[in-house]
There are 2 protein chains.
Amino acid sequence: MVERDFILGDVPGVLWSPVSGAERAPLVLMGHGGGTHKKHPAMSGRARLLVDGCGFHVAVLDAPGHGDRPRTAHDEAEIAELFRARAAGEPEGPIVVRYNDHLARLAVPEYRTLLDALQELPEIEGPAGYWGINMGTAIGIPFVAAEPRITAAVFGQHWPDALAEKAKQITVPIEFDLQWDDEHISREEGLALFDAFASKEKSLHVNSGGHKELPRFEADSAVRFFARHLGEAA
Amino acid sequence: MVERDFILGDVPGVLWSPVSGAERAPLVLMGHGGGTHKKHPAMSGRARLLVDGCGFHVAVLDAPGHGDRPRTAHDEAEIAELFRARAAGEPEGPIVVRYNDHLARLAVPEYRTLLDALQELPEIEGPAGYWGINMGTAIGIPFVAAEPRITAAVFGQHWPDALAEKAKQITVPIEFDLQWDDEHISREEGLALFDAFASKEKSLHVNSGGHKELPRFEADSAVRFFARHLGEAA
């Protein structure tokens, strides 16, 4: 696949595309997890599945305070507070929920601008998808709620607190991942966020295991989900 | 695919196999839903996915009182009671749970005898799978709990009452389907049965929609599950 780096305003991003790029193909935007970046192996690995498997284009932005973007004093303070809570054995949820909500308010307009820009490219066509787990869900739910051009989305592994009201505005097909033995997000919290989506077609995939043990085969499932909703699988 | 009818003792069954049958291949036993039979389209359709997609052999028995088997006075009485409750708008669960438990006690030894017989065939090898939803789960959970030769199973859509204790004895990988808007089985009941399995690797697939609206793509997912656990996908 072809990798193109870009800067959108002052936001660094990456666009992955099929090598043979004559025909127009759908686009999937992805959001990375907290503490990682646009080219983390979870992003490039999922992009490869979508590009090689479906011929789609895939784009990711560095989230505010992540990857090649500067951290503000607020970022530093929230990260320090998260590490302090983690070391003290206190729940991470309240801090992650609050910080991710802050980042989402900054990132949603960036993703909308990204979609404007990419839909100008001759090789990209039609409706688009969104795929983000963890912080990628915290950014993705308000983004998809605000963005009628996104017609299918894969989310998962987040608390409902700041997101359930936005999820109620989403009606496009979704697939949602949660871990049955997540040490941070309770079953009730995970199920409550899934339940909130107004989508007529929604699927929940629960797997045994902890927060970081989402099975690899769920990435394959997400790719088949996008193939069903955005176009042909190869 | 090749279809072979057989009678095992006095139990009619069907075995579906690949046309080109030189090499040995794994076996998936299936259990049909309540009120249907071994060659219901849900059975032959799933068999075709397993045979054509994976090269597996697939066998189904008519459940007691179903298909080509005679109904006893007890069967007639329970079916009449179910229809009466349905017409009166009363919950079906208590009757289905009780009747399926009765049928499972008869069917489990039949499935164990079936496995004995089929593993004698030169074209069938190694560990086997089990796939049954609804009544197929009511029969399948006690069968798999008792049968160490079954190494992977797909279940779903049943009440936990008569099954949770047996599910606690199951440790092989499972995939479990439930419908989020099931008019007969509550979310709490469905989740409780999934939760009961002792399997280290277990996946729950929840989809929006009512009891009879399990999406077709869950059959494709089950086939990939068996391909992962029993052998190669074609």
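Above: the structure in question.
These remarks concern the structure in this document. In this text, all values refer to a predicted model and were calculated from it rather than measured experimentally.

**With respect to the packing of helix 3 (residues 93–118) of chain B against helix 4 (residues 135–146) of chain B**
Residues and elements named next belong to chain B.
So, point 1. It is the contact of helix 3 with helix 4, at a shortest axis distance of 8 Å, that shows an interaxial angle of 55°. By the angle between their directions, the pair helix 3 and helix 4 is classed as oblique. In this structure, helix 3 meets helix 4 at a crossing whose hand is right-handed. When helix 3 is examined against helix 4, the residues Asn100, Leu103, Ala104, Ala107, Val108, Tyr111, Arg112 and Leu115 are found in contact with a partner set consisting of Met135, Ala138, Ile139, Pro142, Phe143 and Ala146.
So, point 2. A per-class count over the contact of helix 3 with helix 4 returns 12 nonpolar, 1 polar and 1 charged.

**Comments concerning the relation of the copies chain A and chain B**
So, point 1. Superposing chain A onto chain B takes a rotation of 180° combined with a translation of 0.0 Å along the rotation axis, leaving an RMSD of 0.0 Å. Both copies of the chain, as the preceding transformation shows, are related through a two-fold rotation axis. Rotation axis and chain A: the residue whose C-alpha lies nearest the axis is A:His205, separated from it by 2.4 Å.
So, point 2. Looking at chain A, 100% of its interface residues are interface residues in chain B too, so the copies touch through the same face.

**A few points about the pairing of strand 8 (residues 202–207) of chain B**
So, point 1. For strand 8 of chain B, the tally of buried residues reaches 6 of 6 residues, placing the bulk of the element in the interior.
So, point 2. With burial as the criterion, each face of strand 8 of chain B is covered, one bearing B:Lys202, B:Leu204 and B:Val206 and the other bearing B:Ser203, B:His205 and B:Asn207.
So, point 3. Relative to strand 8 of chain B, strand 8 (residues 202–207) of chain A runs antiparallel, the two being bridged by 5 bridges. The partner of A:Ser203 across the bridge, within strand 8 of chain B, is B:Asn207.
So, point 4. In this sheet, strand 8 of chain B lies alongside strand 7 (residues 174–179) of chain B in parallel orientation, the contact comprising 6 bridges. Across the sheet, B:Phe176 pairs through a bridge with B:Leu204, a residue of strand 8 of chain B.

**What to know about the nonpolar core**
So, point 1. Among the nonpolar cores identified, the biggest contains 141 residues, and A:Leu29, A:Trp131, B:Leu29 and B:Trp131 are the most heavily contacted of them.
So, point 2. Ignoring any residue separated from it by four or fewer positions in sequence, one finds B:Leu29 in contact with B:Ala59, B:Tyr111, B:Leu114, B:Leu115, B:Leu118, B:Gly129, B:Tyr130, B:Trp131, B:Phe143 and B:Ile150.

**Details of the packing of aromatic side chains**
So, point 1. Counting across every chain of the model gives 20 aromatic pairs over all chains.
So, point 2. With a centroid separation of 6.2 Å and an interplanar angle of 50°, the aromatic rings of B:Phe176 and B:Phe194 are classed as tilted. In this pair, B:Phe176 is assigned in strand 7 and B:Phe194 in helix 6 (residues 187–196), connecting sequence segments 18 residues apart.
So, point 3. On the accessibility criterion, B:Phe176 (0% relative accessible area) is buried.
So, point 4. Among the residues examined, B:Phe194 registers a relative accessible area of 0% and is labelled buried.
So, point 5. Aromatic ring contacts, followed pair by pair, group A:Tyr111, A:Tyr130, A:Phe143, A:Phe155, A:Phe176, A:Phe194, A:Phe197 and B:Trp180 into a single cluster.
So, point 6. In this structure, B:Lys202 is placed above the aromatic ring of B:Phe194, and the distance from its NZ or CZ to the ring centre is 4.9 Å.
So, point 7. We note B:Arg228 situated over the ring of A:Phe217; from NZ or CZ to the ring centre the distance is 3.8 Å.

Reading the values: rules and limits
- Residues numbered from 1 in each chain as written.
- Chains lettered and ligands numbered in written order.
- Predicted model: local features only at pLDDT ≥ 70, side-chain atom pairs only at ≥ 80, totals over all residues.
- Heavy atoms only, no water.
- Axes fitted to C-alpha atoms, helices over the stretch in contact; angles between N-to-C directions.
- Helix = DSSP H or I, 4+ residues; strand = E, 2+ residues; numbered from the N terminus.
- Parallel < 35°, antiparallel > 145°, perpendicular 65-115°, else oblique.
- Left-handed = near helix turned anticlockwise from the far one by under 90°.
- Contact = heavy atoms within 4.5 Å.
- Nonpolar A, V, L, I, M, F, W, Y, C, P; charged D, E, K, R; others polar.
- Least-squares fit on C-alpha atoms with pLDDT ≥ 70 in both.
- Buried < 20%, exposed > 50% of the residue type's maximum accessible area, 1.4 Å probe, protein only.
- Pairing = 2+ DSSP bridges.
- Core = buried A, V, L, I, M, F, W, Y, C linked by side-chain atoms within 4.5 Å.
- Phe/Tyr/Trp six-rings, centres within 6.5 Å; stacked < 30°, edge-to-face > 60°.
- Lys NZ or Arg CZ within 6 Å of the ring centre and 35° of its normal.

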